[in-house]
Amino acid sequence: DGGITQSPKYLFRKEGQNVTLSCEQNLNHDAMYWYRQDPGQGLRLIYYSQIVNDFQKGDIAEGYSVSREKKESFPLTVTSAQKNPTAFYLCASSSEQGAGVAGELFFGEGSRLTVL
Amino acid sequence: QKEVEQDPGPLSVPEGAIVSLNCTYSNSAFQYFMWYRQYSRKGPELLMYTYSSGNKEDGRFTAQVDKSSKYISLFIRDSQPSDSATYLCAMSFQGAQKLVFGQGTRLTINP
């Protein structure tokens, strides 16, 4: 079954710790995205990558870092510099470069991060 | 002012009612309009996609785009409890690097 796998589903972190969220896709998509979802704020773009070894900042990149060493994988690190990291994080991919302009974003099931 | 505005609700209606969900936007360059449905603790999935102005129907769902008013709507006929979810509008334009999402409307259909 093709799709996007995010792990872990739930994660607890102490303040000051970095944490890495995994995102793997087997859809052979070029473009991958990380979104953050907070209640009442919709989806906000953190980082995106349209091709291996290249990525761009989204609207709220501060305190986050990513890598794109393989087409299938786009891990997100939430660093201690992120002031309010508790949120639901969603990874997505698209076969369309240009952020799925005329196409579809496929989402994973999300990772819920809670900072204690 | 946000580029895309969507009333977060919550919206609660009885089973069988017609539901109307709406978004307004400020960027006249938007050409592609989408509605995503997100069940609790899941990722969103594409429900409807429309290019430019007009209507699109798919079963009980109808998407409308009025570019002159910068207003899009999603209508759900004969609503079912299984339609209970958060509905997110999203939009973009040719050459855009990203989709812009609304805040999402949480909808509950009561049996």
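The sections below set out a description of the structure shown in this document.

1. A look at the overall build of chain B
Next up, step 1: In terms of helices and strands, chain B carries zero helices and eleven strands.
Next up, step 2: In sequence order, the secondary structure elements of chain B are arranged as β-β-β-β-β-β-β-β-β-β-β.
Next up, step 3: In summary, chain B has a C-alpha radius of gyration of 13 Å against a globular reference of 13 Å for 111 residues, a match within 12%.
Next up, step 4: C-alpha atoms of chain B, sized along the principal axes, occupy 45 × 25 × 25 Å.
Next up, step 5: When each of the 111 residues of chain B is scored for burial, the buried share is 43%.
Next up, step 6: Taking as baseline every contact in chain B between residues at least 6 positions apart, the subset at least 24 positions apart corresponds to 55%.
Next up, step 7: Just so you have it, chain B exposes about 5200 Å², and 47% of that area is on carbon and sulfur atoms.
Next up, step 8: Looking at chain B, you have 11 positive and 10 negative side-chain charges, and the mean spots of the two groups are 6 Å apart.

2. A look at empty space enclosed by the protein
Next up, step 1: What the rule picks out here adds up to one cavity of 30 Å³ or more.
Next up, step 2: Of the voids in this model, the largest cavity is the one considered here, and its volume is about 40 Å³.
Next up, step 3: What lines the largest cavity is simply Lys9(A), Tyr10(A), Phe88(A), Glu109(A), Gly110(A), Arg112(A) and Arg41(B).
Next up, step 4: Grouping the amino acids of the lining of the largest cavity by side-chain chemistry returns two nonpolar, one polar and four charged.

3. What to know about the layout of surface pockets
Next up, step 1: Considering only enclosed or pocket space, the largest pocket measures out at about 560 Å³ in volume.
Next up, step 2: Every residue lining the largest pocket is counted, 22 residues in all, and those nearest its centre are Gln37(A), Pro39(A), Gln38(B), Thr86(B) and Arg106(B).
Next up, step 3: Taken together, the residues that form the lining of the largest pocket break down as seven nonpolar, ten polar and five charged.
Next up, step 4: Of the volumes computed, that of the second largest pocket is approximately 280 Å³.
Next up, step 5: Along the wall of the second largest pocket there are 17 residues; nearest its centre are Leu43(A), Arg44(A), Asp59(A), Val100(B) and Phe101(B).

4. Some words on the sheet that holds strand β3 (residues 19–25) of chain B
Residue and element names in this part refer to chain B.
Next up, step 1: An order of β1-β3-β8-β7-β6 is seen for the five strands of this open sheet, with the pairing classed as antiparallel. Looking at the sheet topology across the chains shown, the edges are occupied by β1 (4–6) and β6 (54–58). Between one strand axis and the next, the sheet turns through 15° on average, direction left out of account.
Next up, step 2: Pairing of β1 with β3 involves three bridges; the strand directions are antiparallel. Bridging from a neighbouring strand, Gln-6 pairs with Cys-23 of β3.

5. Some words on the state of the cysteines
Next up, step 1: Taken as a whole and assessed by the stated rule, the structure comprises two disulfides over all chains.
Next up, step 2: Across a sulfur-sulfur distance of 1.9 Å, Cys23(A) and Cys91(A) are joined as a disulfide pair. Residues Cys23(A) and Cys91(A) are joined through a disulfide that is left-handed, its torsion about the S-S bond being -75°. Of this pair, Cys23(A) sits in strand β3 (residues 19–25) while Cys91(A) sits in strand β9 (residues 87–94), and the two are 68 residues apart along the sequence. An identical accessibility class is assigned to Cys23(A) and Cys91(A); each is buried.
Next up, step 3: The residue that forms a disulfide with Cys23(B) is Cys89(B), at a sulfur-sulfur distance of 2.0 Å. Judged by the sign of its S-S torsion, about -105°, the cystine formed by Cys23(B) and Cys89(B) is left-handed. Of the two residues, Cys23(B) sits in strand β3 while Cys89(B) sits in strand β9 (residues 85–92), which places them 66 residues apart along the sequence. Of the two residues examined, Cys23(B) and Cys89(B), each falls in the buried class.

What counts, and where the lines are drawn
Residues numbered from 1 in each chain as written. Chains lettered and ligands numbered in written order. Predicted model: local features only at pLDDT ≥ 70, side-chain atom pairs only at ≥ 80, totals over all residues. Heavy atoms only, no water. Helix = DSSP H or I, 4+ residues; strand = E, 2+ residues; numbered from the N terminus. Rg over C-alpha atoms; globule rule 2.2 N^0.38 Å. Buried < 20%, exposed > 50% of the residue type's maximum accessible area, 1.4 Å probe, protein only. Contact = heavy atoms within 4.5 Å. Areas by Shrake-Rupley, 256 points an atom, 1.4 Å probe, with all protein chains shown as cover. Lys, Arg positive; Asp, Glu negative; His and termini not counted. Charge placed at Lys NZ, Arg CZ, Asp CG, Glu CD. 1 Å grid on protein atoms, 1.4 Å probe; cavity = no way out; pocket = protein on both sides within 12 Å on 5 of 7 lines; lining within 4 Å. Points joined across faces, edges and corners; volume = space filled by probe spheres on them. Nonpolar A, V, L, I, M, F, W, Y, C, P; charged D, E, K, R; others polar. Pairing = 2+ DSSP bridges. Axes fitted to C-alpha atoms, helices over the stretch in contact; angles between N-to-C directions. Disulfide = S-S within 2.5 Å.

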